[in-house]
Amino acid sequence: MKVRVRFFAQLREMSGTERAEMEVPDGISARHLAHLVAEKFFGLGPLLARAGIAVNGEWTDEEIQLVAGDEVSFLPPVSGG
Amino acid sequence: MVQLTRHPIDLNVLLAEVQDDGSGGVVLFLGRVRNHSNGQRVTGLSYEAFEEMAEAQLRKIETQARERWPVRALSIHHRLGEMRIGDISVAVAVACAHRSEAFAACKFAIDRLKVKVPIWKKEIREDGSFWFEGALPDAKNQADKNLESAS
């Protein structure tokens, strides 16, 4: 299945892109996707390990099972205010 | 009312949004760009956001504040883009009948914003620019637990 990936802040700069589309096994978890992303984009692993995950714009647990077409955002520790 | 803006925050607009004749107390919190961070001199900040999600999270914070306190009016404006020392990056105004609930709701709103709203700041320093390492996911979970135990 295909999922859409979005990067922000440090992750956007390090990956060199804001968005990516990835072909992944059906029903994988967000955590598994993070591992695949770390393999595809060299050097992102340590920051991905600290990043929060949002699916379709909602904070979520990394164990969530993804479905085709989900938009998965990897969010570095936030620092607004 | 919540708003992300790329322009300077207009406090007159913000205060007009929380104008309410039944409110005896209005608490206003301002976050400003500070000239130092971890002992390093900072010359400016640049903010970016996951805008759709940030707006939704701000609306959620407003809803949660209204569920917990008798809030009569609440407004949060967060500025994005580049800012200089002393610029206002965020403003939270809460109007309630009495001051104690206005203080509590305002503190809740800015504390939640700091851990829940996907906004990031980059510090512009004399030796380069650096992303500020903000709240970790663990801190977010802790904030959720605190919220649950408080409610």
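Residues numbered from 1 in each chain as written. Chains lettered and ligands numbered in written order. Predicted model: local features only at pLDDT ≥ 70, side-chain atom pairs only at ≥ 80, totals over all residues.

Here we look at the overall build of chain A
The following threshold applies: For helices the rule is a DSSP run of H or I covering at least 4 residues; for strands it is a run of E covering at least 2, with both sets numbered from the N terminus onward. Radius of gyration means the value over C-alpha atoms here, while the globule rule gives 2.2 Å times the residue count to the 0.38 power. By definition, residues are in contact whenever their C-beta atoms, placed on the basis of the backbone, come within 7 Å of each other.
Looking only at helices and strands, chain A has 3 helices and 5 strands in total. The linear arrangement of helices and strands in chain A, starting from the amino end, is β-α-β-α-α-β-β-β. Against the globule reference of 12 Å for 81 residues, chain A gives a C-alpha radius of gyration of 12 Å, in line with a compact fold. With respect to the three principal axes, the spread of C-alpha positions in chain A is 35 × 25 × 20 Å. Sequence-distant contacts, at least 24 apart, represent 55% of the contacts inside chain A between residues at least 6 apart.

Points about the interface of chain B and chain A
Rules: Residues are grouped as follows: Ala, Val, Leu, Ile, Met, Phe, Trp, Tyr, Cys and Pro are nonpolar; Asp, Glu, Lys and Arg are charged; every other residue, Gly included, is polar.
Taken together, the contact between chain B and chain A spans 27 residues of the former and 15 residues of the latter. Contributions of two or more residues to the side of chain B that touches chain A are made by strand 4 (40-49), helix 2 (51-68), strand 7 (88-96), helix 3 (99-116), strand 8 (119-125) and helix 4 (137-150) of chain B. Here the side of chain B that touches chain A takes 4 residues from helix 3 of chain B, the largest share from any one element. Class assignment of the residues belonging to the side of chain B that touches chain A gives a composition of 17 nonpolar, 4 polar and 6 charged.

Digging into the sheet that holds strand 2 (residues 25-32) of chain B
Residue and element names in this part refer to chain B. For the record, the criterion: Criterion used throughout: strands pair if DSSP finds at least two bridges between them. For helices, the fitted line uses only the C-alpha atoms of the stretch in contact; every axis is such a line through C-alpha atoms, and the angle between N-to-C directions lies from 0 to 180 degrees.
The 4 strands lie next to each other as 1-5-7-2, forming an open sheet whose pairing is mixed. Either end of the sheet is taken by a strand with one partner, and the two such strands are strand 1 (2-5) and strand 2. Adjacent strand axes in the sheet meet at a mean angle of 10° when their direction is disregarded. Relative to strand 7, strand 5 (residues 71-79) runs antiparallel, the two being bridged by 7 bridges. Considered in strand 7, the bridge of Val 71 is made with Cys 96.

A look at the environment of Gly52(A)
Take Gly52(A): it is sitting in strand 3 (residues 52-55). A sequence separation of 22 residues divides Gly52(A) from Ala30(A), and the C-alpha atoms of the two residues are 10 Å apart.

Observations regarding the confidence of the model for chain B
Residues and elements named next belong to chain B. Keep this limit in mind: pLDDT runs from 0 to 100 and stands for how confident the predictor is about each residue.
Overall, the prediction assigns chain B a mean pLDDT of 91, with 89% of residues at 70 or greater. pLDDT under 50 marks residues 139-151. Its contacts with residues more than four places away, or in other chains, come to 8 contacts. On the interface metric, ipTM, the complex scores 0.95, and its pTM is 0.91.

A look at the environment of Pro118(B)
Along the chain, Pro118(B) falls in the loop between helix 3 and strand 8. Once you skip the residues sitting within four places of it in the chain, Pro118(B) turns out to touch Phe8(A), Leu75(A), Val78(A), Ala49(B), Phe50(B), Met53(B), Ala54(B) and Gln57(B).

Overview of the sheet that holds strand 3 of chain A
Residues and elements named next belong to chain A. Here we have 5 strands laid out as an open sheet, ordered 2-1-5-3-4, and mixed in their pairing. The sheet is open, and its two borders are formed by strand 2 (19-23) and strand 4 (58-60), each paired with just one other strand. Shown here is a sheet whose adjacent strand axes are inclined to one another by a mean of 35°, direction ignored. Bridge count between strand 1 (residues 2-7) and strand 5 (residues 71-75): 4 bridges; the pairing is parallel. By the bridge assignment for strand 5, Phe 7 is matched with Phe 74. Sitting on the sheet, helix 2 (residues 30-40) is in contact with strand 1, strand 2, strand 3, strand 4 and strand 5, with an inclination near 70° to strand 5.

Some remarks on helix 3 of chain B
Stated formally: By definition here, a helix of n residues has an expected span of 1.5 Å times n minus one. Buried means a residue has 20 or more other C-beta atoms within 10 Å of its own C-beta, exposed means 12 or fewer, and partly exposed covers the counts in between; C-beta atoms are placed from the backbone.
Compared with the 26 Å implied by 1.5 Å per residue over 18 residues, the 25 Å span of helix 3 of chain B between its first and last C-alpha is a close match. Listed in full, the buried residues belonging to helix 3 of chain B are Ala102(B), Ala105(B), Cys106(B), Phe108(B), Ala109(B), Arg112(B), Leu113(B), Lys114(B), Val115(B) and Lys116(B).

Structural notes on helix 2 of chain A
Residues and elements named next belong to chain A. Applicable threshold: What the arc measures is the spread of directions leading from the helix axis to the C-beta atoms.
Every buried residue of helix 2 is accounted for by Ala 30, Leu 33, Ala 34 and Val 37. Along the axis of helix 2, the buried residues cluster in a sector spanning 105°; they form a single face. On its buried face, helix 2 sits against strand 1, helix 3 (45-50), strand 3, strand 4 and strand 5.

Here's the deal with the packing of helix 2 of chain B against helix 3 of chain B
Residue and element names in this part refer to chain B. Definition in use: Every angle not falling under 35 degrees, over 145, or within 65 to 115 is termed oblique; those three ranges are roughly parallel, roughly antiparallel and roughly perpendicular. Handedness of each helix crossing follows the sense of rotation of the near helix against the far helix: counterclockwise by less than a right angle gives left-handed, clockwise gives right-handed.
Their axes nearest at 10 Å, the elements helix 2 and helix 3 cross at an angle of 150°. Put simply, helix 2 runs roughly antiparallel to helix 3. Handedness of the crossing formed by helix 2 with helix 3: right-handed. Side by side, helix 2 and helix 3 meet where Gln 57, Ile 61, Ala 65 and Arg 68 of the first sit next to Ala 105, Phe 108, Ala 109, Arg 112, Leu 113 and Lys 116 of the second. Considered class by class, the residues forming the contact of helix 2 with helix 3 number 6 nonpolar, 1 polar and 3 charged.

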